[in-house]
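Coordinate analysis (summary)
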Amino acid sequence: MPNRSDFQLKLNELFISFEGQGLSFADISAGDLHRLVGGYPSPDHRMPVCCDVMYGEMTSDDKVLESPPKGKGANLIIRYCLPR
């Protein structure tokens, strides 16, 4: 079962990959991030932890593009400005 550090590590890997492509921003969804880390979809998913990590990585330049009604769910999408 993935934990907070698994999500943080994968998110940082995505930032590095997108920066390496010369992109100025990265739109990342919680569903995609969780699938990359593993354990989703499943009854024992860790989506709230995944979303907490994503929100925690935000700076004042980043913005939420889409959010589920309760704020945590697979359709959470955050646009992160690059480089980090």
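Look a little higher up for the structure.
Residues numbered from 1 in each chain as written. Predicted model: local features only at pLDDT ≥ 70, side-chain atom pairs only at ≥ 80, totals over all residues. Heavy atoms only, no water.

1. So, the overall build of the protein chain
Summing up its helical and strand segments, the protein chain has three helices and three strands in all. Ordered by position from N to C terminus, the α and β elements of the protein chain give α-β-α-α-β-β. In summary, the protein chain has a C-alpha radius of gyration of 12 Å against a globular reference of 12 Å for 84 residues, a match within 12%. For the protein chain, with 84 residues in total, the buried portion stands at 32%. Relative to all contacts within the protein chain whose residues are 6 or more apart in sequence, the contacts with residues 24 or more apart total 57%. Approximately 4,800 Å² of the protein chain is accessible, and the part contributed by carbon and sulfur atoms is 53%. Counting 9 positive and 11 negative side-chain charges, the protein chain places the averaged centre of each group 5 Å from the other. (Helix = DSSP H or I, 4+ residues; strand = E, 2+ residues; numbered from the N terminus. Rg over C-alpha atoms; globule rule 2.2 N^0.38 Å. Buried < 20%, exposed > 50% of the residue type's maximum accessible area, 1.4 Å probe, protein only. Contact = heavy atoms within 4.5 Å. Areas by Shrake-Rupley, 256 points an atom, 1.4 Å probe, with all protein chains shown as cover. Lys, Arg positive; Asp, Glu negative; His and termini not counted. Charge placed at Lys NZ, Arg CZ, Asp CG, Glu CD.)

2. A word on helix H2 (residues 30-37)
Residue pairs spaced three or four apart in an α-helix point in one direction, given the helix's 3.6 residues per turn. Among all positions in H2, only Ala30, Gly31, Leu33 and His34 are buried. The buried residues of H2 all sit within an arc of 165 degrees when viewed along its axis, so they share a single face. Immediately downstream of H2, the backbone of glycine 38 shows phi near 115 degrees, a positive value. (Arc of directions from axis to C-beta.)

3. A closer look at the nonpolar core
Among the nonpolar cores identified, the biggest contains 18 residues, and Leu11, Ile28, Ala30, Leu33, Cys50, Met54 and Tyr80 are the most heavily contacted of them. At the level of secondary structure, the elements contributing two or more residues to this core comprise helix H1 (4-20), strand S1 (25-29), H2, helix H3 (47-56) and strand S3 (77-81). A per-element tally of this core places H3 first, with six residues. Among residues more than four places away in sequence, those in contact with leucine 33 are Phe7, Lys10, Leu11, Leu14, Ile28, Cys50 and Met54. (Core = buried A, V, L, I, M, F, W, Y, C linked by side-chain atoms within 4.5 Å.)

4. A word on the sheet that holds strand S2 (residues 63-66)
In a beta sheet, neighbouring strands pair by backbone hydrogen bonds and run either parallel or antiparallel. Judged by pairing direction, the sheet is antiparallel, and its three strands sit side by side in the order S1-S3-S2 without closing on themselves. Here the strands that pair on one side only, and so sit at the sheet edges, are S1 and S2. Here the average twist between neighbouring strands, direction ignored, is 30 degrees. Where S1 lies against S3, five bridges are found, and the strand directions are antiparallel. Residue pairing in the sheet places phenylalanine 25 in a bridge with cysteine 81 of S3. (Pairing = 2+ DSSP bridges. Axes fitted to C-alpha atoms, helices over the stretch in contact; angles between N-to-C directions.)

On their own, these measurements won't tell you what the molecule is for.
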